[in-house]
Amino acid sequence: MISIDRVEDILRAVCDYDDSDIERFGVIIEAAVSSAEKKAADESLHSDERIVMLAAAQANYSVCLAAGADDITSFTAGDISLSRGSDALSRAKLFLQQAQEQCASIISDSGFAFIDV
């Protein structure tokens, strides 16, 4: 079983979450942990830091999506300019991609694809 405490520690350290963020997004974090556990090729890999990092990256990406990371981040009334903050979502996606690449050799591929013959 992946340590939720360890995933939360990574979110605090890498993604700058505080205790209120951890509490508010607890369900999302638990879902990401469950998803990462299912992706692990073997149950013995649940303590592998790469799988733990994958769970944290999945949680962070889901939180960014749920929190609306693309919402308006600044507004100027003078010349009416509007700015959207997609930086958090972009960084979360890159973090997730990196974690997936690092886990490529230890996650099972239970999917299938339709291939043109």
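Residues numbered from 1 in each chain as written. Predicted model: local features only at pLDDT ≥ 70, side-chain atom pairs only at ≥ 80, totals over all residues. Heavy atoms only, no water.

Attention now moves to the packing of helix α1 (residues 4-15) against helix α3 (residues 26-39). Axis separation between α1 and α3 bottoms out at 10 Å; the angle between their running directions is 115°. Read as a crossing pair, α1 and α3 show a hand that is right-handed. Contacts between α1 and α3 involve I4, V7, E8 and L11 from the former and I29, E30 and V33 from the latter. Taken together, the residues of the contact of α1 with α3 break down into five nonpolar, no polar and two charged. (Axes fitted to C-alpha atoms, helices over the stretch in contact; angles between N-to-C directions. Helix = DSSP H or I, 4+ residues; strand = E, 2+ residues; numbered from the N terminus. Left-handed = near helix turned anticlockwise from the far one by under 90°. Contact = heavy atoms within 4.5 Å. Nonpolar A, V, L, I, M, F, W, Y, C, P; charged D, E, K, R; others polar.)

So, on to the nonpolar core. Counting 27 residues, the largest nonpolar core has I2, V7, L11, Y17, I29, I51 and A55 as the members making the most contacts within it. For this core, the secondary-structure elements that each account for two or more residues are α1, α3, α4 (49-66) and α5 (87-102). Those residues in contact with I29, other than ones at most four positions away along the chain, are I4, V7, E8, L11, I22 and A59. (Core = buried A, V, L, I, M, F, W, Y, C linked by side-chain atoms within 4.5 Å. Buried < 20%, exposed > 50% of the residue type's maximum accessible area, 1.4 Å probe, protein only.)

The terminal C-alpha atoms of α3 lie 20 Å apart, and with 14 residues this matches the ideal 20 Å at 1.5 Å per residue to within 8%. All of the buried residues along α3 are G26, I29, A32, V33 and A36. The buried residues of α3 all sit within an arc of 125° when viewed along its axis, so they share a single face. Residues of α3 that are exposed and point more than 90 degrees away from the buried face comprise V27 and K38. Of the surrounding secondary structure, the elements contacted by the buried residues of α3 are α1, α2 (19-24) and α4. (Expected span 1.5 Å × (residues − 1). Arc of directions from axis to C-beta.)

Do not read the fine detail of predicted coordinates wherever pLDDT is low. Of the residues in the chain, 76% reach a pLDDT of 70 or more, and the chain-wide mean stands at 84. When mean pLDDT is compared element by element in the chain, α1 scores highest at 95, while strand β2 (residues 81-84) scores lowest at 48. (pLDDT = per-residue confidence, 0-100.)

Here α1 contains 12 residues, and its C-alpha end-to-end distance of 15 Å stays within 8% of the 16 Å for a straight helix at 1.5 Å per residue. The set of residues buried in α1 consists of V7, E8, I10, L11 and C15. Buried residues of α1, viewed axially, fall in a sector of 155°; they line one side. Residues D5 and A13 are exposed on α1 and point more than 90 degrees away from its buried face. Buried residues in α1 make contact with α2, α3, α4 and α5. Positive phi shows up at D16, right after α1, with a value of about 65°.

Right, let's talk about the pattern of salt bridges for a bit. Within the structure shown, the criterion is met by six salt bridges. For R24, the salt bridge identified is with D21, shortest N-O distance 3.2 Å. With R24 and D21 both in helix α2 and three residues apart, this pair spans about one turn of that helix. Residue R24 is classed as exposed on the basis of its relative accessible area, which comes to 58%. Given the relative accessible area of 16%, D21 is considered buried. Across the salt bridge formed by R50 and D48, the nearest N and O atoms sit 2.9 Å from each other. Given the relative accessible area of 31%, R50 is considered partly exposed. Sharing partners across several salt bridges, the network here consists of D9, R12 and D19. (Salt bridge = Lys/Arg side-chain N within 4 Å of Asp/Glu carboxyl O.)

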